[in-house]
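Here's the letter readout for the chains.
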Amino acid sequence: MSAFFSLSRFALAATVLSAAASGAYAQNQAQTQTPATSAAATTVAAAKPVAVKVFIGAMFEIGKNTGDRAGEFQLWFERYWKDATPINVPGALSPVFCNADGVCGSVLGMGKVNSSASVQAIVLNPQFDFSMAYYVISGVAGTPPARGTICDVTWGSWLVDYDLGHRWAPEEGKPGAPVFMPRKGYENYRRFQLNPTLVQWAMQLTQNTQLQDSESAQRYRLRYPQPQARRAPHVGVGTHVSGDTFFHGPGLSNEAQYIVKSYGADDYVATEMEAAAIALVLARTHGTDRILSLRGSVNFDQGNPNETTLAHLDPAPGETAGCFAETVANVTKVGSIVVDTIVHDWITWQNGAPALKK
(Lines give C-alpha, C1' and ligand atoms only; values in the text may rest on other atoms or scores of the structure.)
Protein backbone atom coordinates (compact mmCIF):
# COMPACT_ATOMS: atom_id res chain seq x y z
CA MET A 1 0.00 0.00 0.00
CA SER A 2 1.23 3.49 -0.79
CA ALA A 3 1.77 6.07 1.93
CA PHE A 4 -0.18 9.27 1.57
CA PHE A 5 0.82 12.83 2.37
CA SER A 6 -0.31 16.44 2.40
CA LEU A 7 1.87 19.46 1.74
CA SER A 8 2.07 20.24 5.46
CA ARG A 9 3.05 16.68 6.36
CA PHE A 10 5.59 16.67 3.54
CA ALA A 11 7.11 19.88 4.88
CA LEU A 12 7.25 18.51 8.43
CA ALA A 13 8.97 15.33 7.25
CA ALA A 14 11.49 17.34 5.22
CA THR A 15 12.31 19.50 8.24
CA VAL A 16 12.76 16.50 10.57
CA LEU A 17 15.00 14.65 8.12
CA SER A 18 17.11 17.75 7.53
CA ALA A 19 17.65 18.25 11.27
CA ALA A 20 18.57 14.60 11.82
CA ALA A 21 21.11 14.64 9.00
CA SER A 22 22.79 17.78 10.26
CA GLY A 23 23.47 16.36 13.76
CA ALA A 24 25.20 18.52 16.33
CA TYR A 25 25.86 21.29 13.82
CA ALA A 26 22.11 21.74 13.37
CA GLN A 27 21.67 21.96 17.14
CA ASN A 28 24.32 24.70 17.41
CA GLN A 29 22.73 26.61 14.55
CA ALA A 30 19.32 26.35 16.15
CA GLN A 31 20.62 28.12 19.25
CA THR A 32 21.70 31.17 17.24
CA GLN A 33 18.83 31.11 14.72
CA THR A 34 16.32 33.96 15.02
CA PRO A 35 12.55 33.44 14.85
CA ALA A 36 12.51 35.27 11.51
CA THR A 37 15.03 32.91 9.90
CA SER A 38 13.23 29.89 11.37
CA ALA A 39 9.95 31.07 9.84
CA ALA A 40 11.63 31.67 6.51
CA ALA A 41 13.10 28.15 6.48
CA THR A 42 9.71 26.65 7.30
CA THR A 43 8.07 28.62 4.48
CA VAL A 44 10.65 27.40 1.96
CA ALA A 45 10.10 23.79 3.03
CA ALA A 46 6.32 24.13 2.90
CA ALA A 47 6.45 25.72 -0.53
CA LYS A 48 8.18 22.78 -2.22
CA PRO A 49 5.74 21.68 -4.93
CA VAL A 50 4.34 18.19 -5.36
CA ALA A 51 6.13 16.44 -8.23
CA VAL A 52 3.17 15.06 -10.17
CA LYS A 53 3.75 11.84 -12.09
CA VAL A 54 0.14 11.18 -13.12
CA PHE A 55 -2.86 13.49 -12.85
CA ILE A 56 -6.33 11.92 -13.10
CA GLY A 57 -9.18 14.27 -13.92
CA ALA A 58 -12.80 13.16 -13.53
CA MET A 59 -15.73 15.40 -14.44
CA PHE A 60 -18.33 14.80 -11.73
CA GLU A 61 -19.09 12.92 -8.55
CA ILE A 62 -22.63 12.03 -7.51
CA GLY A 63 -22.25 12.54 -3.77
CA LYS A 64 -19.27 12.05 -1.48
CA ASN A 65 -15.84 10.86 -2.59
CA THR A 66 -16.33 7.58 -0.78
CA GLY A 67 -19.03 5.49 0.87
CA ASP A 68 -22.02 6.13 -1.38
CA ARG A 69 -23.02 5.64 -5.01
CA ALA A 70 -19.92 6.09 -7.15
CA GLY A 71 -19.72 8.69 -9.88
CA GLU A 72 -16.67 9.23 -12.09
CA PHE A 73 -14.24 10.06 -9.26
CA GLN A 74 -15.08 7.88 -6.28
CA LEU A 75 -13.37 4.64 -7.31
CA TRP A 76 -10.22 6.55 -8.28
CA PHE A 77 -10.34 8.29 -4.90
CA GLU A 78 -10.73 5.04 -2.99
CA ARG A 79 -7.82 3.48 -4.86
CA TYR A 80 -5.29 6.32 -4.59
CA TRP A 81 -6.33 9.04 -2.12
CA LYS A 82 -8.54 7.65 0.63
CA ASP A 83 -6.20 8.98 3.35
CA ALA A 84 -4.95 12.05 1.46
CA THR A 85 -5.44 15.63 2.63
CA PRO A 86 -7.26 17.87 0.12
CA ILE A 87 -5.20 20.65 -1.45
CA ASN A 88 -7.34 23.68 -2.25
CA VAL A 89 -6.62 25.46 -5.54
CA PRO A 90 -8.12 28.89 -6.27
CA GLY A 91 -10.08 28.76 -9.52
CA ALA A 92 -10.57 24.98 -9.52
CA LEU A 93 -13.96 23.40 -8.93
CA SER A 94 -12.73 20.90 -6.33
CA PRO A 95 -9.65 20.19 -4.22
CA VAL A 96 -6.73 18.19 -5.57
CA PHE A 97 -5.65 14.98 -3.83
CA CYS A 98 -2.14 13.51 -4.07
CA ASN A 99 -0.44 10.42 -2.71
CA ALA A 100 3.21 9.76 -1.92
CA ASP A 101 3.76 8.14 -5.33
CA GLY A 102 3.00 11.37 -7.17
CA VAL A 103 -0.49 10.36 -8.34
CA CYS A 104 -2.87 13.33 -8.07
CA GLY A 105 -6.47 13.84 -9.07
CA SER A 106 -9.51 16.07 -8.87
CA VAL A 107 -13.12 16.54 -9.99
CA LEU A 108 -12.92 19.13 -12.77
CA GLY A 109 -16.57 19.83 -13.59
CA MET A 110 -18.77 18.97 -16.54
CA GLY A 111 -18.54 20.78 -19.85
CA LYS A 112 -15.67 22.34 -21.76
CA VAL A 113 -15.48 25.69 -19.96
CA ASN A 114 -15.98 24.21 -16.49
CA SER A 115 -13.37 21.47 -16.82
CA SER A 116 -10.74 23.48 -18.70
CA ALA A 117 -10.96 26.34 -16.19
CA SER A 118 -10.23 23.87 -13.39
CA VAL A 119 -7.31 22.31 -15.26
CA GLN A 120 -5.73 25.68 -16.01
CA ALA A 121 -5.99 26.71 -12.36
CA ILE A 122 -4.45 23.43 -11.22
CA VAL A 123 -1.54 23.17 -13.67
CA LEU A 124 -0.53 26.81 -13.08
CA ASN A 125 -0.72 26.56 -9.28
CA PRO A 126 2.74 26.69 -7.64
CA GLN A 127 1.79 23.94 -5.19
CA PHE A 128 2.41 21.44 -8.01
CA ASP A 129 5.18 20.59 -10.46
CA PHE A 130 3.61 19.28 -13.67
CA SER A 131 6.78 19.45 -15.75
CA MET A 132 6.94 15.65 -16.15
CA ALA A 133 3.30 14.69 -15.54
CA TYR A 134 1.07 12.35 -17.49
CA TYR A 135 -2.67 13.09 -17.65
CA VAL A 136 -5.63 10.70 -17.67
CA ILE A 137 -8.85 12.49 -18.66
CA SER A 138 -11.42 10.07 -17.30
CA GLY A 139 -15.18 9.75 -17.41
CA VAL A 140 -18.31 8.21 -18.87
CA ALA A 141 -19.61 8.69 -22.39
CA GLY A 142 -22.06 7.64 -25.05
CA THR A 143 -21.21 5.51 -28.07
CA PRO A 144 -22.72 4.95 -31.51
CA PRO A 145 -24.20 1.43 -31.76
CA ALA A 146 -22.37 0.86 -35.04
CA ARG A 147 -18.98 1.17 -33.29
CA GLY A 148 -19.37 0.36 -29.61
CA THR A 149 -21.55 -0.98 -26.85
CA ILE A 150 -22.47 -0.11 -23.29
CA CYS A 151 -19.89 -1.00 -20.60
CA ASP A 152 -17.11 -0.56 -23.21
CA VAL A 153 -13.95 1.32 -22.29
CA THR A 154 -12.07 3.23 -25.00
CA TRP A 155 -8.80 5.10 -25.25
CA GLY A 156 -8.99 8.24 -27.34
CA SER A 157 -6.73 8.34 -30.39
CA TRP A 158 -8.00 11.80 -31.39
CA LEU A 159 -9.92 14.46 -29.49
CA VAL A 160 -12.29 16.49 -31.67
CA ASP A 161 -14.41 19.52 -30.76
CA TYR A 162 -17.99 19.01 -31.93
CA ASP A 163 -19.13 22.63 -31.56
CA LEU A 164 -16.50 24.83 -33.21
CA GLY A 165 -17.72 25.50 -36.75
CA HIS A 166 -20.74 26.59 -38.82
CA ARG A 167 -24.16 24.93 -38.53
CA TRP A 168 -27.53 25.52 -40.12
CA ALA A 169 -30.98 23.96 -40.00
CA PRO A 170 -31.41 20.88 -42.26
CA GLU A 171 -34.27 22.49 -44.19
CA GLU A 172 -31.99 25.38 -45.13
CA GLY A 173 -29.49 23.22 -47.01
CA LYS A 174 -29.55 20.50 -49.61
CA PRO A 175 -31.73 17.53 -48.63
CA GLY A 176 -29.64 14.85 -46.94
CA ALA A 177 -26.45 16.93 -47.00
CA PRO A 178 -24.34 17.68 -43.91
CA VAL A 179 -25.35 20.76 -41.92
CA PHE A 180 -21.88 21.49 -40.52
CA MET A 181 -18.80 23.14 -41.96
CA PRO A 182 -15.49 23.55 -40.08
CA ARG A 183 -14.46 27.15 -39.47
CA LYS A 184 -11.17 27.84 -41.21
CA GLY A 185 -8.25 28.97 -39.10
CA TYR A 186 -9.22 27.01 -36.00
CA GLU A 187 -7.44 23.75 -36.84
CA ASN A 188 -5.23 23.81 -33.73
CA TYR A 189 -8.20 24.46 -31.45
CA ARG A 190 -10.68 21.85 -32.58
CA ARG A 191 -8.75 18.61 -32.96
CA PHE A 192 -5.80 16.93 -31.26
CA GLN A 193 -4.10 13.72 -32.21
CA LEU A 194 -2.85 12.11 -29.02
CA ASN A 195 0.61 10.60 -28.86
CA PRO A 196 0.26 7.35 -30.88
CA THR A 197 3.01 5.61 -28.91
CA LEU A 198 1.35 6.43 -25.59
CA VAL A 199 -2.09 5.36 -26.86
CA GLN A 200 -0.65 2.11 -28.21
CA TRP A 201 1.02 1.50 -24.84
CA ALA A 202 -2.34 1.98 -23.12
CA MET A 203 -3.98 -0.49 -25.49
CA GLN A 204 -1.16 -3.01 -25.18
CA LEU A 205 -1.36 -2.93 -21.39
CA THR A 206 -5.15 -3.13 -21.12
CA GLN A 207 -6.68 -4.72 -24.20
CA ASN A 208 -7.23 -8.10 -22.52
CA THR A 209 -8.76 -6.69 -19.32
CA GLN A 210 -11.89 -8.53 -18.24
CA LEU A 211 -14.64 -5.94 -17.93
CA GLN A 212 -17.71 -5.99 -15.72
CA ASP A 213 -21.12 -6.40 -17.32
CA SER A 214 -24.70 -6.70 -16.08
CA GLU A 215 -27.70 -8.80 -16.98
CA SER A 216 -29.77 -5.70 -17.65
CA ALA A 217 -27.11 -4.37 -20.04
CA GLN A 218 -27.01 -7.71 -21.84
CA ARG A 219 -30.77 -7.58 -22.37
CA TYR A 220 -30.66 -3.92 -23.37
CA ARG A 221 -28.09 -4.54 -26.13
CA LEU A 222 -30.45 -6.94 -27.85
CA ARG A 223 -32.73 -4.02 -28.72
CA TYR A 224 -30.16 -2.93 -31.28
CA PRO A 225 -29.52 -4.76 -34.56
CA GLN A 226 -25.87 -3.69 -34.98
CA PRO A 227 -23.32 -6.45 -34.23
CA GLN A 228 -21.06 -4.01 -32.36
CA ALA A 229 -23.93 -2.98 -30.10
CA ARG A 230 -24.86 -6.58 -29.25
CA ARG A 231 -21.41 -7.89 -28.31
CA ALA A 232 -19.83 -8.09 -24.85
CA PRO A 233 -17.90 -5.02 -23.64
CA HIS A 234 -14.19 -4.70 -24.37
CA VAL A 235 -11.32 -2.19 -24.37
CA GLY A 236 -11.02 -0.29 -27.64
CA VAL A 237 -9.60 2.83 -29.24
CA GLY A 238 -10.93 5.63 -31.44
CA THR A 239 -11.87 9.29 -31.59
CA HIS A 240 -13.53 11.01 -28.64
CA VAL A 241 -15.83 13.89 -29.60
CA SER A 242 -16.22 16.78 -27.12
CA GLY A 243 -19.45 18.74 -27.28
CA ASP A 244 -21.21 21.02 -24.81
CA THR A 245 -24.34 19.99 -26.68
CA PHE A 246 -25.54 16.59 -25.50
CA PHE A 247 -26.18 15.59 -29.10
CA HIS A 248 -28.41 12.61 -29.59
CA GLY A 249 -30.04 10.59 -32.34
CA PRO A 250 -28.81 8.95 -35.55
CA GLY A 251 -28.69 12.22 -37.48
CA LEU A 252 -26.33 14.00 -35.07
CA SER A 253 -24.34 10.79 -34.53
CA ASN A 254 -23.73 10.67 -38.28
CA GLU A 255 -22.79 14.34 -38.17
CA ALA A 256 -20.19 13.64 -35.47
CA GLN A 257 -18.71 10.92 -37.65
CA TYR A 258 -18.70 13.31 -40.63
CA ILE A 259 -16.86 15.94 -38.58
CA VAL A 260 -14.11 13.60 -37.36
CA LYS A 261 -13.60 12.22 -40.86
CA SER A 262 -13.35 15.73 -42.29
CA TYR A 263 -10.51 16.34 -39.82
CA GLY A 264 -8.71 13.14 -40.82
CA ALA A 265 -9.32 11.48 -37.45
CA ASP A 266 -10.20 7.87 -36.63
CA ASP A 267 -13.77 6.62 -36.29
CA TYR A 268 -15.85 8.34 -33.64
CA VAL A 269 -16.41 5.94 -30.73
CA ALA A 270 -17.27 8.13 -27.73
CA THR A 271 -19.26 11.30 -27.15
CA GLU A 272 -18.16 13.35 -24.15
CA MET A 273 -18.03 16.99 -23.09
CA GLU A 274 -14.54 17.94 -21.96
CA ALA A 275 -11.42 16.29 -23.40
CA ALA A 276 -10.69 18.55 -26.38
CA ALA A 277 -10.92 21.69 -24.22
CA ILE A 278 -8.67 20.20 -21.54
CA ALA A 279 -6.18 19.21 -24.25
CA LEU A 280 -6.06 22.83 -25.45
CA VAL A 281 -5.14 24.05 -21.95
CA LEU A 282 -2.42 21.42 -21.67
CA ALA A 283 -1.16 22.12 -25.18
CA ARG A 284 -0.47 25.72 -24.14
CA THR A 285 1.18 24.83 -20.85
CA HIS A 286 2.89 21.42 -20.99
CA GLY A 287 2.12 19.92 -24.41
CA THR A 288 -0.09 17.01 -25.44
CA ASP A 289 2.42 14.14 -25.66
CA ARG A 290 1.45 12.83 -22.21
CA ILE A 291 -2.36 13.02 -22.43
CA LEU A 292 -4.61 9.98 -22.33
CA SER A 293 -8.38 10.19 -22.74
CA LEU A 294 -10.25 7.29 -21.14
CA ARG A 295 -14.01 6.91 -21.48
CA GLY A 296 -16.54 4.26 -20.52
CA SER A 297 -19.79 4.01 -22.47
CA VAL A 298 -22.91 4.15 -20.31
CA ASN A 299 -25.40 4.75 -23.13
CA PHE A 300 -25.86 4.61 -26.88
CA ASP A 301 -25.92 7.98 -28.64
CA GLN A 302 -29.28 7.11 -30.24
CA GLY A 303 -32.32 4.99 -29.69
CA ASN A 304 -32.98 1.61 -31.24
CA PRO A 305 -35.04 1.44 -34.45
CA ASN A 306 -38.26 1.00 -32.44
CA GLU A 307 -38.01 4.18 -30.35
CA THR A 308 -37.81 7.87 -31.02
CA THR A 309 -34.83 10.00 -30.07
CA LEU A 310 -36.89 11.83 -27.43
CA ALA A 311 -38.11 8.56 -25.94
CA HIS A 312 -34.51 7.38 -25.68
CA LEU A 313 -33.44 10.65 -24.04
CA ASP A 314 -36.19 10.37 -21.43
CA PRO A 315 -36.64 6.63 -20.81
CA ALA A 316 -39.41 5.20 -18.70
CA PRO A 317 -38.49 3.64 -15.33
CA GLY A 318 -36.61 0.39 -15.87
CA GLU A 319 -35.80 1.26 -19.48
CA THR A 320 -32.27 2.60 -19.00
CA ALA A 321 -29.14 0.81 -20.24
CA GLY A 322 -28.32 -0.41 -16.73
CA CYS A 323 -24.55 -0.29 -16.95
CA PHE A 324 -23.41 2.82 -15.05
CA ALA A 325 -21.92 1.17 -11.94
CA GLU A 326 -20.16 -1.46 -14.02
CA THR A 327 -18.77 1.13 -16.42
CA VAL A 328 -17.21 3.42 -13.81
CA ALA A 329 -15.62 0.32 -12.27
CA ASN A 330 -14.31 -0.69 -15.70
CA VAL A 331 -12.82 2.75 -16.31
CA THR A 332 -10.91 2.69 -13.03
CA LYS A 333 -9.80 -0.91 -13.52
CA VAL A 334 -8.44 -0.21 -17.01
CA GLY A 335 -6.97 3.19 -16.22
CA SER A 336 -5.20 2.09 -13.05
CA ILE A 337 -3.22 -0.50 -15.00
CA VAL A 338 -1.60 2.29 -17.00
CA VAL A 339 -1.24 4.63 -14.03
CA ASP A 340 0.47 1.96 -11.94
CA THR A 341 2.77 0.97 -14.80
CA ILE A 342 3.96 4.55 -15.25
CA VAL A 343 4.49 5.17 -11.54
CA HIS A 344 6.12 1.86 -10.67
CA ASP A 345 8.53 2.08 -13.62
CA TRP A 346 9.06 5.83 -13.41
CA ILE A 347 12.74 5.62 -14.40
CA THR A 348 11.60 4.28 -17.77
CA TRP A 349 8.63 6.63 -18.19
CA GLN A 350 9.83 9.92 -16.73
CA ASN A 351 11.31 11.20 -20.00
CA GLY A 352 8.31 10.21 -22.09
CA ALA A 353 6.56 7.09 -23.36
CA PRO A 354 9.24 4.46 -24.08
CA ALA A 355 9.54 2.61 -27.35
CA LEU A 356 6.86 -0.03 -27.72
CA LYS A 357 7.68 -3.61 -26.89
CA LYS A 358 7.51 -5.91 -29.89
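This report concerns the structure included in the present document. What you see is a predicted model, and the numbers here were worked out from it, not measured in a lab. (Residues numbered from 1 in each chain as written. Predicted model: local features only at pLDDT ≥ 70, side-chain atom pairs only at ≥ 80, totals over all residues. Heavy atoms only, no water.)

Some points on the overall build of the protein
Of regular secondary structure, the protein possesses 14 helices and 13 strands. The 358 residues of the protein split such that 49% are buried. Sequence-distant contacts, at least 24 apart, represent 80% of the contacts inside the protein between residues at least 6 apart. For the protein, the computed accessible surface area is about 16,900 Å², with 56% contributed by carbon and sulfur atoms. (Helix = DSSP H or I, 4+ residues; strand = E, 2+ residues; numbered from the N terminus. Buried < 20%, exposed > 50% of the residue type's maximum accessible area, 1.4 Å probe, protein only. Contact = heavy atoms within 4.5 Å. Areas by Shrake-Rupley, 256 points an atom, 1.4 Å probe, with all protein chains shown as cover.)

A few points about the environment of Ser 106
Relative to the elements of secondary structure, Ser 106 occurs in strand E4 (residues 103–107). What makes Ser 106 buried here is its relative accessible area of 0%. Distance in space between the C-alpha atoms of Ser 106 and Ser 118 is 9.0 Å, their sequence separation being twelve residues. When sequence neighbours within four positions are dropped, the list of residues in contact with Ser 106 reads Phe 55, Ile 56, Gly 57, Ala 58, Phe 73, Ser 94, Pro 95, Val 96 and Ile 122. From its side chain, Ser 106 meets the backbone oxygen of Ser 94 in a polar contact 3.3 Å long. In terms of polar contacts, Ser 106 uses its side chain to reach the backbone carbonyl oxygen of Pro 95, at 2.9 Å. (Polar contact = N/O pair within 3.5 Å; in protein donor to acceptor, adjacent residues only side chain to side chain.)

Observations regarding a nonpolar patch on the surface
A cluster of nonpolar side chains, contributed by Phe 246, Leu 310 and Leu 313, occupies part of the molecular surface with about 340 Å² of accessible area. In this structure, Leu 310 sits in helix H12 (residues 309–313). Using a relative accessible area of 66% as the deciding quantity, one classes Leu 310 as exposed. (Patch = residues over 30% accessible without salt bridge, like charges linked within 9 Å, V, L, I, M, F, W, Y side chains within 5 Å. Salt bridge = Lys/Arg side-chain N within 4 Å of Asp/Glu carboxyl O.)

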